Amino acid sequence: MAGTPRVRVRRVYDPPAPADGARILVDRVWPRGLRKDAAQLDEWCKQVAPSTQLRTWYAHDPARFAEFARRYRAELDDPERSAALAHLRQLAEKRPVTLLTATTRVEISQAAVLAELLRE
């Protein structure tokens, strides 16, 4: 690999940008009110999303983000999630990747945790 992968995190509701590269939705549930054709995705990688139990516990509470990130990283050792993460890593080594999520605060989302992992 020739340097750090170019990985961005954005809201899926934001219009696509030229620098997005591969646009990949990383939420388990389809974003409310968004038509599939309007999303302009290259992929929907729901296999890499955190478990329903973890998402429910976290509830995007900023005070819980550090613990959420730790638990989510542990979940990524699961074979299905691990394979999905390896797939994202391969994509990020070849071209820019934008991880998309429906959450309002992308900086405390699973997409932010994934982006950090992909940049390592």
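Please refer to the structure higher up on the page.
Since this is a predicted model, take the numbers as computed values, not measurements.

A. Inspection of the layout of surface pockets at higher detail. Space inside the largest pocket adds up to approximately 360 Å³. Residue lining of the largest pocket: 18 residues in total, with D27, V29, R55, H60 and A102 positioned closest to the centre. In the lining of the largest pocket, the residues fall into 10 nonpolar, 4 polar and 4 charged.

B. Quick look at the sheet that holds strand β4 (residues 97–101). Strand order in this open sheet of 4 strands is β1-β4-β2-β3, and the pairing throughout is parallel. In this open sheet, the two strands that pair with only one neighbour each are β1 (7–11) and β3 (43–44). Bridge analysis of strand β2 (residues 22–25) against β3 gives 2 bridges, and the strand direction is parallel. Bridged to I24 within β3 is E43. The strands that helix α4 (residues 79–94) touches are β1, β2, β3 and β4; relative to β4, the one it contacts most, it runs at about 135 degrees. Packed onto the sheet, helix α5 (residues 110–119) meets β1 and β4 and runs at close to 170 degrees relative to β1.

C. Structural view of the pattern of salt bridges. Taken as a whole and assessed by the stated rule, the structure comprises 11 salt bridges. Of the charged contacts, one joins R10 and D20 as a salt bridge, the two residues approaching to 2.9 Å between their closest N and O atoms. Of the two residues, R10 is situated in strand β1 and D20 in the loop between β1 and β2; the sequence distance between them amounts to 10 residues. Of the two residues examined, R10 and D20, each falls in the buried class. Close ionic contact of D20 with R23 constitutes a salt bridge, the shortest N to O distance being 2.7 Å. Neither residue differs from the other here; D20 and R23 are each classed as buried. Each of the salt bridges in this network shares a partner with another, and the network as a whole consists of R8, R10, D20 and R23.

Procedures and definitions
- Residues numbered from 1 in each chain as written.
- Predicted model: local features only at pLDDT ≥ 70, side-chain atom pairs only at ≥ 80, totals over all residues.
- Heavy atoms only, no water.
- 1 Å grid on protein atoms, 1.4 Å probe; cavity = no way out; pocket = protein on both sides within 12 Å on 5 of 7 lines; lining within 4 Å.
- Points joined across faces, edges and corners; volume = space filled by probe spheres on them.
- Nonpolar A, V, L, I, M, F, W, Y, C, P; charged D, E, K, R; others polar.
- Pairing = 2+ DSSP bridges.
- Helix = DSSP H or I, 4+ residues; strand = E, 2+ residues; numbered from the N terminus.
- Contact = heavy atoms within 4.5 Å.
- Axes fitted to C-alpha atoms, helices over the stretch in contact; angles between N-to-C directions.
- Salt bridge = Lys/Arg side-chain N within 4 Å of Asp/Glu carboxyl O.
- Buried < 20%, exposed > 50% of the residue type's maximum accessible area, 1.4 Å probe, protein only.

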